[in-house]
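Each chain, written out:
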Amino acid sequence: MIAICWLTLVICFYYCAAVLITQWPKHVLVKPGATQEFGCYQNETDYDYWYWYRQRQENELELMVYHYAEAKYEKDFKDKLFLRKETKKSTLEFKNLDTSDSGIYFCAASLHSNHIAVVFSTLKPDCRWNTNSVFLQLQNDVNAQPAYFGDGTKLTVLERSIAEPHVKILEPVPYKSNEFVTLVCLASDFYPDHIELTWEINKKKTTDNAKSDYKAVQSKDQTYRISSRLRVSKKVWCNADNVFTCVAKFYNETDNAIYITDHVSGKGQLNKNLKSTKFAYILLLCKSCFYALIILFLIWKLKHSSRKQS
């Protein structure tokens, strides 16, 4: 058994450009009992040490196997894995998959081993999909070598039939300042949770003031739901020419995505309010003129009556 070390997760921007690890496929959906291959490639380097890790839900990373002269498997994975290594390529075959194997699978490469073992990590989902630049460094060891990671492969061993999401944009919720409104996109009743929500305004993707949930929430029937929010100025929302679209990219099989959308148009309330204001102003002006005429008539009548009496 490889010695267990505590590792510190460090984001390295300096080294990232030098080492690029590519993994494939990105999304895998299989039935229980299936065999699946994961591929990994060093684009610019040929480091000798290869590592494969698994992260289930938000738990720590588990080392499954590492390879230098030969593959060395962790105890719990000996009967399920087979690793093939070439100079710049590593292929991991995972046999007899079951639902407990669902998770994110990471490939890493390092110049030296430095006794890297099981990793206790705080790596989060919103980080792990942008982790070309992540390396692991032994605590209190200035000679530790970085292990460069790929983006990861998300695997789901299916527990039920695949269900496509229902996508709906909800009515905007005004902010207290009334300068902004928030559009909410809800994707629901889908399985599995291989989904990405994005926003478009007039068919152009926008990331400004757009925020999706940290992860999808699972219901009792095993389906998921997730939401995303887009904050726009009231002026943008009240332009009737603007079209707001929520795009759900949903993987219904391995590395194959379909796109499901919903859209709403700006309500044009700003123009309506402007017209209403103008109409109210004209109506008030007319009423003022009418009242002025009545007063002038009353003054004239009083003067005419006083002349008759005299």
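Residues numbered from 1 in each chain as written. Predicted model: local features only at pLDDT ≥ 70, side-chain atom pairs only at ≥ 80, totals over all residues. Heavy atoms only, no water.

Along its length, the chain carries three helices and 22 strands. Of all 310 residues assigned to the chain, the portion counted as buried reaches 40%. Taking contacts inside the chain between residues at least 6 apart in sequence as the whole, the part at least 24 apart equals 67%. (Helix = DSSP H or I, 4+ residues; strand = E, 2+ residues; numbered from the N terminus. Buried < 20%, exposed > 50% of the residue type's maximum accessible area, 1.4 Å probe, protein only. Contact = heavy atoms within 4.5 Å.)

Given two aromatic rings, one states the distance between the centres and the angle between the planes to describe the pair. All chains considered together, the criterion is met by 13 aromatic pairs. Ring centres 5.4 Å apart and planes at 45° place the aromatic pair W237 and F244 in the tilted group. The same class applies to W237 as to F244, namely buried. Feature note: the residues Y51, Y53, Y66, F106 and F149 constitute an aromatic cluster, connected by ring pairs. A cation sits over an aromatic face here: R231 above F180, 4.0 Å from the ring centre. (Phe/Tyr/Trp six-rings, centres within 6.5 Å; stacked < 30°, edge-to-face > 60°. Lys NZ or Arg CZ within 6 Å of the ring centre and 35° of its normal.)

The next subject is a nonpolar patch on the surface. A contiguous nonpolar patch, built from L293, I295, L296 and I299 and spanning about 400 Å² of accessible area, is present on the exposed surface. Within the secondary structure, I295 sits in helix α3 (residues 269–309). (Patch = residues over 30% accessible without salt bridge, like charges linked within 9 Å, V, L, I, M, F, W, Y side chains within 5 Å. Areas by Shrake-Rupley, 256 points an atom, 1.4 Å probe, with all protein chains shown as cover. Salt bridge = Lys/Arg side-chain N within 4 Å of Asp/Glu carboxyl O.)

Spatially, β2-β4-β9-β8 is the arrangement adopted by the four strands of the open sheet, whose pairing is antiparallel. Edge positions in the sheet fall to β2 (21–24) and β8 (81–85), since each of these pairs with one other strand and no more. When the angles between neighbouring strand axes are averaged without regard to direction, this sheet yields 15°. Strand direction decides the pairing type here: β8 and strand β9 (residues 89–94), joined by five bridges, are antiparallel. Residue pairing across strands places L83 opposite L92, the latter belonging to β9. (Pairing = 2+ DSSP bridges. Axes fitted to C-alpha atoms, helices over the stretch in contact; angles between N-to-C directions.)

If you look at the biggest cluster of nonpolar residues, it comprises 26 residues, and the most contacted ones within it are L183, F190, I195 and W237. Listing elements by their share of this core, those giving two or more residues are β14 (166–174), β15 (180–190), β16 (195–201), β20 (224–233), β21 (243–253) and β22 (256–265). Ranked by residue count, the leading element in this core is β15, at five residues. Among all residues touching L183, those that are not within four sequence positions of it are I169, P172, W199, S228, R229, L230, V232, W237, F244 and V264. (Core = buried A, V, L, I, M, F, W, Y, C linked by side-chain atoms within 4.5 Å.)

Another aspect to go through is the pattern of salt bridges. Considering all chains together, one arrives at 10 salt bridges under this definition. R56 is paired through a salt bridge with E62; the nearest N and O atoms lie 3.4 Å apart. Overall, R56 belongs to the partly exposed group, its relative accessible area being 28%. As a salt-bridge pair, K80 and D101 come within 2.7 Å of each other at their nearest N and O atoms. Here D101 lies in the loop between β9 and β10 (103–110) and K80 lies in the loop between β7 (71–73) and β8, a separation of 21 residues in the sequence. Through salt bridges that share partners, R54, R56, E62, K80, D98 and D101 make up one connected network.

A separate point is the sheet that holds strand β17 (residues 204–206). Taken in spatial order, the four strands of this open sheet run β17-β16-β21-β22, and their pairing is antiparallel. Each edge of the open sheet is held by one strand with a lone partner, namely β17 and β22. For this sheet the average axis-to-axis angle between neighbouring strands, irrespective of direction, equals 35°. As defined by bridge partners, β21 adjoins β22 across 10 bridges and the pair is classed as antiparallel. Each bridged residue has a counterpart across the sheet, and for F244 the counterpart in β22 is V264.

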